[in-house]
Amino acid sequence: MIRFERVTYSYPDTRSLAIKDIDLKIDDGAFVLVIGDSGSGKSTLLRCVNGLIPHFYGGRFIGDVTVVGSNTKHETVAGLSRKTGFVFQDATSQAVNKKVEDELAFGLENLGLPPVTIRKRIEEILDQLGISSLRNRDITMLSGGERQKIAIGCALAMQPDTLVLDEPTSELDPNSAEEILSVLQKLNHDLGLTIIISEHRLERVVQYADSAIYLEEGMAVHGSIRDILKDIDLTPPLVTLAKSFGWDPMPLSVKDGRRFSKNMEMRHDIQFDDRQAGPVILDARGLRFSYNGNEVLKGLDITLRAGEIVALMGRNGTGKTTLLRNLCGLLDPDSGSIDRNAAGDTDKHALIGYVPQRPSSLLFAETVKDELKASLELHKRDTSPVDDMLDDIHLTGKADIYPRDLSLGEQQRVAIGSVMVLKPELLIMDEPTHGLDYHNKELLVALLKELAGRGKGVILATHDVELAAQCADRVVLLAEGTIVIDAPAREVLSESMLFSPQVNKLFGGNVMTVDDVMSSSSKGNRK
Amino acid sequence: MVNNKKDMNAVTWLIYCAVAAFIAVMTRNPLYLVILLLILWAVFKTFEGRSATDGIWSSFIRLGVGFMAISIVFNAMTAHYGRTVIFRIPVSFPVIGGSITAEAVAYGLAYGLVFISMVSVFAVFNTVIDLSSVLRLVPGFMRQSAILMSITFNFIPQTLYAATEIKEAQKMRGYTMKSSLRDIAGTASLFVPLIITGLEKSCTLAESMESRAYGSTAKATVIRRPLDWTLRDILTVASSLIFAMVFIYIKVSHPSVFAYSPYPQLAAPGFDPLTGMAFLLMLVPVVMSL
């Protein structure tokens, strides 16, 4: 059992409390989901379970955390590693070794276990997670899902009672994420392992959890998953619908949801108000690109019109980022042509805005305002549009704050602001919802729609099906460096088994979002 | 992808890289350095693709070329010796005032080639060596140092990868290498995100190590793995060691062969075809992988 008793914590050199007066109890064998906005204290709470807080971070720690009878204050992190395994969000940064087998052995070697025991445990883990074929592979050459399985294996090798995971699927495509969650469910069911997992994309994980901890400004509420979801705004589309229509018991999986949706009266003659696209502003033909002799793009054709939002989707490693970098001009294709009509090849740096997967790659100034001004000053332009842009990205009140002190969602808006202040015709974003909570995602969707409404073109590479459903006009599905389909978002997402949003899985047709359901359903359905 | 047909054990590669590094450090003759560079390039191209960060090394070599250019310019502007004057800068200019000579340019070039050769050896080392196998050969009491080394060699390509990501993002915003050297904002645009990203990654790694009992006992276990010695390994080790001995013999008996000084009068470096042929012994790994 894991017990938090009146736990309060603040990081060193800060006055604000990261978590406040937390009291909770987690039973053995539970599958617990930790929910909350960015900066609500989720990572802090998770790090209390394996003693990284307070031992690694220092700071002011009040109260007691007891893990399987041991008070974390009186144990070392190393001592607790036999009780609690920890998996971090970034699977690459946590690897000490290059080779899979060495990485699995690392923790066991640290414990000084006999070589025979270490070998036995490695074999067990390889079999248990179905990764024996990866034994001799270089970790950097593995896919995101494989790397995350190795990280889980490293934690499991220590034979802990509890596995703590901090957003383990945030960098994964839907298929890989489902694989990881299935592995966790199996470990929970078969071995009785206690799982504590934080995740922003709740639609992926709520069905696996039997209880949830909701954190808001460092305060925690613990209860059954349904009770918690009933009381909060951060809910996946299925749960939002369930709350709107009063479905009881609240369905957590699409399968459960169908019991309710099949009885609903829906109008299928509704014409959704989709945006009208303008002239072509980007036209790429026959793009081919190779890395080290491996052809990553195999003759792609893609266009973008003014006022259009295009989502590039596909598994990890299908060439989405490479395509974006070619379109930006950061890479030159081996063959094929790119006509950046409105952007103009001569000044592409000022006329194509690019926001990378980690927006922090762009941030360096002392304040948010300076960050935006720096872009304009670099191009020797008038800096007066900065205030309007701050308003557009909803950060006027935070203009004088150091950008890296902001939440991830806010940092992303600063990054968008720092490129959009140059008024490019085209915005290109790589995995824009990586690490974003629902609230920040909503703000991002609104911002992108606003930009498209002003005639700007937007291209997003994303794994986030719900994001594509909410804002994309067109979806381009990539596989093995080729385009499988390039068609209106409603068409692609409704016909896909893997890349369809929850709402579409429930209702079919061209219904994609909660708003679509609200406008298609008769009022009699509602609560 | 890993191509097992081409694999050789870590000790073989360690010996090969040590010999290549020794030759690079002990040679000043640009012609032999160019031969060594071509051989290293061939090895790199033959064995690249084992790690996701391989591509980063070509950027690193480009950076080496940049440093070589700086070395040439710096030497030319500050060492005013030599008889072949290209042009003169008025002596009223401090430090750079005086004759800019072809000899000083050649000297900078020769030293720049040594630097690029060392960078290339490092690139080959990172591409071909399974460092973890090497580290598993060290005695138990050196385990901490071995882990530190493993982390360092993992961290360098990761940092280079992050640097590329940041450089590209800032480039799209308008910052270029040129602008980054021109003013403080430009420099900050590249280095602030890089330093902070590096610190964040270090912090995650440290957390991950602590969470897996690092440092919990003085008697940590080291799993040993026997090395696999194939004909390729034996021939590569033999040819590398023979070449090292030939090199040392020539270096001792004819010290001028690998030396080069353009001062006081610029002259073409000497070249002995037989010695040049001996360098081809370093091509054995490429030949054996065909």
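Residues numbered from 1 in each chain as written. Chains lettered and ligands numbered in written order. Predicted model: local features only at pLDDT ≥ 70, side-chain atom pairs only at ≥ 80, totals over all residues. Heavy atoms only, no water.

> Please provide a residue-by-residue account of the overall build of chain B, values included.
Looking only at helices and strands, chain B features eleven helices and two strands. When the helices and strands of chain B are listed from N to C terminus, the series reads α-α-α-β-β-α-α-α-α-α-α-α-α. Surface summary for chain B: the accessible area is close to 14,100 Å², and the carbon and sulfur share equals 73%. Each charge class in chain B can be summarised by its mean position, and for the 22 positive and 14 negative side chains these summaries are 3 Å apart. (Helix = DSSP H or I, 4+ residues; strand = E, 2+ residues; numbered from the N terminus. Areas by Shrake-Rupley, 256 points an atom, 1.4 Å probe, with all protein chains shown as cover. Lys, Arg positive; Asp, Glu negative; His and termini not counted. Charge placed at Lys NZ, Arg CZ, Asp CG, Glu CD.)

> Before we move on, could you go through the packing of helix α14 (residues 368–378) of chain A against helix α15 (residues 385–392) of chain A and cite the residues and values that matter?
Residue and element names in this part refer to chain A. Between α14 and α15, the least distance of the axes is 10 Å, while the angle of their chain directions is 125 degrees. With respect to α15, the element α14 is oriented oblique. Handedness of the crossing formed by α14 with α15: right-handed. Packed against α14, whose contacting residues are Val368, Lys369, Leu372, Lys373 and Leu376, the element α15 presents Pro385, Val386, Asp387, Met389 and Leu390 at the interface. Across the contact of α14 with α15, the residue classes tally to seven nonpolar, no polar and three charged. (Axes fitted to C-alpha atoms, helices over the stretch in contact; angles between N-to-C directions. Parallel < 35°, antiparallel > 145°, perpendicular 65-115°, else oblique. Left-handed = near helix turned anticlockwise from the far one by under 90°. Contact = heavy atoms within 4.5 Å. Nonpolar A, V, L, I, M, F, W, Y, C, P; charged D, E, K, R; others polar.)

> Any details on helix α16 (residues 408–420) of chain A? Residues and values, ideally.
Compared with the 18 Å implied by 1.5 Å per residue over 13 residues, the 18 Å span of α16 of chain A between its first and last C-alpha is a close match. In terms of residue burial, α16 of chain A counts as a mostly covered element, since twelve of its 13 residues are buried. For α16 of chain A, the secondary structure elements touched by its buried residues are β15 (352–355), α14, α15, β16 (426–430) and α17 (438–453) of chain A together with α6 (143–173) of chain B. (Expected span 1.5 Å × (residues − 1). Buried < 20%, exposed > 50% of the residue type's maximum accessible area, 1.4 Å probe, protein only.)

> Now, about the sheet that holds strand β19 (residues 482–488) of chain A: what can you tell me, with residues and values included?
Residues and elements named next belong to chain A. Strand order in the open sheet formed by six strands is β15-β16-β17-β13-β18-β19, with mixed pairing between adjacent strands. Every interior strand has two partners, whereas the edge strands, β15 and β19, have only one. For this sheet, the mean angle separating the axes of adjacent strands, direction not counted, is 15 degrees. In the packing of α17 onto the sheet, the strands contacted are β13 (309–313), β16 and β17 (457–461), and the crossing angle to β16 comes to about 155 degrees. (Pairing = 2+ DSSP bridges.)

> Can you lay out the interface of chain A and chain B for me, pointing to particular residues and giving the numbers?
Of the residues lining the interface, 62 residues belong to chain A; the matching set on chain B comes to 57 residues. Roughly 5,300 Å² is buried in total at the junction of chain A and chain B, and carbon and sulfur atoms are behind 54% of that figure. Per-residue buried area on chain A facing chain B is highest for Glu109, Asn110 and Phe364 of chain A; these three make up 13% of the total on that side. Taken together, the connections running from chain A to chain B amount to eight salt bridges. (Buried area = accessible area lost by both parts, 1.4 Å probe. Salt bridge = Lys/Arg side-chain N within 4 Å of Asp/Glu carboxyl O.)

> Describe the nonpolar core, listing the residues and the values that go with them.
Counting residues in hydrophobic clusters, the biggest one holds 74 residues, and the most contacted among them are Ile35, Ile152, Leu163, Leu184, Leu229, Trp247 and Phe507 of chain A. The residues touching Ile152 of chain A, leaving out its near neighbours within four places in the chain, are Val87, Leu129, Leu163, Leu165, Ile180, Leu184 and Leu187 of chain A. Counting 41 residues, the second-largest nonpolar core is a separate cluster that includes Ala10, Phe47, Val124 and Ile250 of chain B. (Core = buried A, V, L, I, M, F, W, Y, C linked by side-chain atoms within 4.5 Å.)

> Describe the pattern of salt bridges, with residues and values.
Residues and elements named next belong to chain A. In the structure shown here, the tally under the stated rule is 32 salt bridges over all chains. Salt-bridge contacts for Glu123 lead to Arg135; the nearest nitrogen and oxygen are separated by 2.8 Å. Taken together, the residues span a long stretch of sequence, with Glu123 in helix α5 (residues 115–128) and Arg135 in the loop between α5 and α6 (144–157) at a distance of twelve residues. Accessibility expressed as a relative area gives 33% for Glu123, which makes it partly exposed.

> Please give an account of the layout of surface pockets that cites residues and values.
Here the second largest pocket is characterised by a volume of approximately 1,900 Å³. Taken together, 43 residues make up the lining of the second largest pocket; nearest its centre are Ser43, Gln89, Leu408 and Gln411 of chain A together with Glu200 of chain B. Secondary-structure elements contributing two or more residues to the lining of the second largest pocket are α1 (42–49) and α16 of chain A together with α8 (184–211) of chain B. When residues in the lining of the second largest pocket are grouped by element, the largest group, eight residues, is from α8 of chain B. The residue inventory of the lining of the second largest pocket, partitioned by class, reads eleven nonpolar, 19 polar and 13 charged. (1 Å grid on protein atoms, 1.4 Å probe; cavity = no way out; pocket = protein on both sides within 12 Å on 5 of 7 lines; lining within 4 Å. Points joined across faces, edges and corners; volume = space filled by probe spheres on them.)

> Help me get a handle on the environment of Phe47 of chain B, residues and values and all.
Positionally, Phe47 of chain B belongs in helix α2 (residues 30–47). Separated by 77 residues in the primary sequence, Phe47 of chain B and Val124 of chain B place their C-alpha atoms 8.4 Å from one another.

> Kindly report on the packing of α14 of chain A against α16 of chain A, identifying the contributing residues and their values.
Helix-helix packing is described using two parameters, namely the angle between the two axes and the distance between the axes. Residues and elements named next belong to chain A. Running from N to C, α14 and α16 cross one another at 30 degrees; their axes reach a closest spacing of 8 Å. Relative to α16, α14 is oriented roughly parallel. Every pair of crossing elements has a handedness; the one defined by α14 and α16 is right-handed. Across the interface between the two elements, Val368, Glu371, Leu372 and Ser375 from α14 touch Val414, Gly417 and Ser418 from α16. Considering only residue class, the contact of α14 with α16 consists of three nonpolar, three polar and one charged.

> Lay out the side chain of Ser211 of chain B in plain terms, naming residues and giving numbers.
As for its position among the elements, Ser211 of chain B is in helix α8. Judged by relative accessible area, Ser211 of chain B falls into the buried class, the value being 4%. If we skip the residues at most four places from it in the chain, Ser211 of chain B touches Asn50, Leu52, Val77, Ser81, Phe86 and Phe88 of chain A.

> Explain α5 of chain A to me, and be specific about the residues and the numbers.
All names here are of chain A. Across its 14 residues, α5 extends 20 Å between first and last C-alpha, which sits within 8% of the 20 Å expected from 1.5 Å per residue. Those residues of α5 lying buried are Ile118, Arg121, Ile122, Ile125 and Leu126. One face of α5 carries all of its buried residues, which in axial projection span an arc of 135 degrees. The exposed residues of α5 that point more than 90 degrees off its buried face are Val116 and Asp127. For α5, the elements touching its buried residues are α4 (100–110) and α6. Positive backbone phi, at 65 degrees, marks Gly130, one or two positions downstream of α5. (Arc of directions from axis to C-beta.)

> Go over the side chain of Glu203 of chain A, please, and point to the residues and values.
Tracing the backbone shows Glu203 of chain A in helix α8 (residues 202–205). Buried charge without a partner: Glu203 of chain A forms no salt bridge, and the closest opposite charge is Lys441 of chain A, 4.4 Å away.

> Tell me what's going on with the state of the cysteines, and back it up with residues and numbers.
Counted under the stated rule, the structure contains zero disulfides over all chains. In this structure Cys154 of chain A is not part of a disulfide, and its nearest cysteine sulfur, from Cys203 of chain B, lies 19 Å away. Judged by its relative accessible area of 5%, Cys154 of chain A falls in the buried class. (Disulfide = S-S within 2.5 Å.)

> Go over the sheet that holds strand β11 (residues 280–291) of chain A, please, and point to the residues and values.
Residues and elements named next belong to chain A. Sheet architecture is open: three strands sit in the order β12-β11-β14, paired in antiparallel fashion. Each edge of the open sheet is held by one strand with a lone partner, namely β12 (294–305) and β14 (335–339). Taking each pair of neighbouring strands and ignoring which way they run, the sheet shows an average axis angle of 15 degrees. Direction of pairing for β11 relative to β14: antiparallel, over a ladder of four bridges. Bridge pairing in β14 places Arg288 opposite Ser335.

> Let's hear about unusual backbone geometry: which residues, and what values?
With an omega of 15 degrees, the peptide bond running from Ile53 of chain A to Pro54 of chain A counts as cis. The topology assignment puts Pro54 of chain A in helix α2 (residues 52–56). Cis peptide bonds are those with omega within 30 degrees of zero, and the linkage from Asp248 of chain A to Pro249 of chain A qualifies with 0 degrees. Following the sequence through the fold, Pro249 of chain A ends up in the loop between α10 (237–245) and α11 (254–261). Here the phi dihedral of Gln159 of chain A falls at roughly 55 degrees; this positive angle occurs in a residue that is not glycine. The residue Gln159 of chain A is located in the loop between α6 and β7 (162–166) in this model. Judged by its relative accessible area of 45%, Gln159 of chain A falls in the partly exposed class. Its identity is not glycine, yet Ala213 of chain B carries a phi of approximately 65 degrees, on the positive side. When you line up the elements, Ala213 of chain B lands in the loop between α8 and α9 (231–253). Owing to a relative accessible area of 0%, Ala213 of chain B belongs among the buried residues under this scheme.

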